[in-house]
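# Tertiary structure, described
Take a look at the letters that make up each chain.
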Amino acid sequence: MKVLVVGSGGREHALCWKISQSDKVEKIFCAPGNGGTSEVAENVTLDIMDNDELADFAEENEIDLTIVGPEAPLVNGIVDEFEERGLKIFGPGKKTAKLEGSKVFSKSILKKYNVPTGKAEIFDDPHAAIEFIKGQDWVRVIKADGLAAGKGVYVCNTEEEAIDAVKEIMVDKKFGGSGNNILVEEKLTGEEASFLVFTDGKTIIPMVSTQDHKPVYDNDKGPNTGGMGAYGPAPVVTDRLHKDIMEKVMKPVINGMREEGTPYKGVLYGGIMVTDEGPKVLEFNCRFGDPECQPIVMLFKGDLVPVLESCIDGTLDKQDVEFHDGASCCIVLASGGYPIEYNKGKKIRGIIKADSFKDVKVFHSGTKSENNEIFTDGGRVLGVTSRGESIKEAIEKAYEVVDLIDFEEMQYRKDIGAKALDR
Ligand code: AMP
Ligand code: GLY
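Just so it is clear, the structure is predicted and the values come from calculations on it, not from any experiment.

## Description of the environment of Val249
With respect to the helices and strands, Val249 occurs in helix 9 (residues 239-259). Remark: the alpha-carbon pair of Val249 and Thr203, spanning 46 residues in sequence, is separated by 14 Å. Filtering out sequence-adjacent residues up to four positions away, Val249 remains in contact with Val115, Asp244, Ile272, Val281 and Phe284.

## Considerations on the pairing of strand 9 (residues 182-186)
Across the 5 residues of strand 9, 4 count as buried, placing the element largely inside the fold. Bridging between strand 6 (residues 120-123) and strand 9 involves 4 bridges; their strand directions are antiparallel. In the strand pairing of strand 9, Phe123 is matched with Ile182. In terms of strand pairing, strand 7 (residues 139-144) meets strand 9 through 5 bridges, oriented antiparallel. Looking across to strand 9, one finds that Lys143 is bridged to Leu183.

## Comments concerning empty space enclosed by the protein
On inspection of all chains with the given rule, the structure shows 2 cavities of 30 Å³ or more. Taken as a whole, the largest cavity encloses approximately 90 Å³ of empty space. If you go around the largest cavity, you meet 14 residues; those closest to its centre are Lys103, Ser106, Lys143, Leu282 and Glu283. The residue inventory of the lining of the largest cavity, partitioned by class, reads 6 nonpolar, 2 polar and 6 charged. By volume, the second largest cavity is sized at about 30 Å³. Lining the second largest cavity, in full, are Val68, Leu74, Phe90, Gly91, Pro92, Val267, Cys286, Arg287 and Phe288. Of the residues assigned to the lining of the second largest cavity, the class counts are 7 nonpolar, 1 polar and 1 charged.

Parameters at a glance
Residues numbered from 1 in each chain as written. Chains lettered and ligands numbered in written order. Predicted model: local features only at pLDDT ≥ 70, side-chain atom pairs only at ≥ 80, totals over all residues. Heavy atoms only, no water. Helix = DSSP H or I, 4+ residues; strand = E, 2+ residues; numbered from the N terminus. Contact = heavy atoms within 4.5 Å. Buried < 20%, exposed > 50% of the residue type's maximum accessible area, 1.4 Å probe, protein only. Pairing = 2+ DSSP bridges. 1 Å grid on protein atoms, 1.4 Å probe; cavity = no way out; pocket = protein on both sides within 12 Å on 5 of 7 lines; lining within 4 Å. Points joined across faces, edges and corners; volume = space filled by probe spheres on them. Nonpolar A, V, L, I, M, F, W, Y, C, P; charged D, E, K, R; others polar.

Structure below.
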C-alpha cells in the first residue's frame, strides 16, 4: 500500500521510519517532510493547511492511508475533506479535534463528563477577566482558547503577571482570533505525564506512558518549548495511576464524545498533572506528541499500520498492541537561542556514525538535506532516541550518541529522564 504522512517534525520522521518496516507498505510520501524523512519516504512539497491540495494529491497518487502528524491540519478539517472523498485518513475530524483546537470546548467536555481538571472560568472580555482575577489567588494560569503554536498558555506567579497575560492575549491580540476567548485557570502542582491512547471511538488502547521536558534549560528553567526530550515508560504513572487515568479521564471523554455525536478516532493525548489528589487533565492534544512519539515508536512492537487502520475502521478491539519491555529516551538537539531566536543552515556532523549505533535512531525535525549533507533548518533539529533494558541504560545510550553529533550553536538538556532516575 501507499501511505502519505503529513508533517515535518521528529514525530513524522519516527512515523515514517516505523511504517517503512511494515510488510504492507510499498511506498511512503511525506508532506513536506525533512532531511530525515527522505531516507524512507519521498518528500513532497504540499501546503499542509490546504485540504484540497492534499486530497487531490492523495487521489492522484492512489494513497491508501494518510496519517496526520500535527494538530493544525486536523483542526482545519483535513479528515473531513478526505472522508468526504472516500479517502482513508488517520486522525479525528474537525469537530472532535476541537478537544485540542478550543480550550474552552475542551474544558466544557471535561466539566460535563466529570473529569478531574483544574477549576476555570471562561471570558470573552478582558475587563471582566481582569476584575475577576483581582483577589482570586487560585487563578494563575491564563490560556488563549485557540491554537497558538504551544505559546498560548501563561503559567504565572503573581496576580500582576496573570493580568498582563490577559492583556497580551485579548488586548494586544498576540495570537489573533485564538485569543478572543480565554480560560482563567487554577494553577496545579505536581509532576506531569503524557498519556496517549489509540481509539476508534469505542475501544481504547493505551500506549506506553511518557514524560516530556517542556522548558528549554536543565531543571525546568527558561521558557517553554515544543519539548526538549521525552522518555517512557514514565514511572510517575504507577499502575494505580494508569488505571485512574483510563477510568476517570480516557473512558469518560471518549464515551462522552460518542454521546455528543462526534466519536473520537485517532490518538488522544492527555496532558496530565499528577497531583496529591490524583490525576488532573491540563489539556488534550488530538495527535501524537512530539517528542513523545519518538520513544513510543521506539518501544512499539510489531506493525503500526494495522493498528492505525483499525482506529479508522472501528475494529481496534481486534488488535493486540504491545510494547517492548525496558525503556526509551529521546534527547532533542536544538538550535542555540530556540525557542526565541535562532539561526538556520548550520552543517550537522556525525549523524551517520550516530545512526549506526545499535538500538539508537536519530530522528530529524528541523533539518534539510542538500548534496548529501544535512543542515539545520528549524528550532528543534534532531531527536536522538534510544532503547535500553532500563531507563538508566536508555538515558546513558542516548547521551553517548549525542556526544557524536555536532553543529554550531547546538543546545540540549543534560537532564532528560532525571525525574525517572530520582524515583
Ligand atoms: P501547552 O502544551 O503549550 O498547552 O502547555 C501547557 C503546559 O502549561 C503544560 O504542559 C503545563 O506545564 C502548563 N500548564 C497548563 N495548565 C496548567 C495548570 N492549570 N497548572 C499548572 N500548569 C499548567
Ligand atoms: N510535546 C508536547 C506536544 O506534542 O504537544
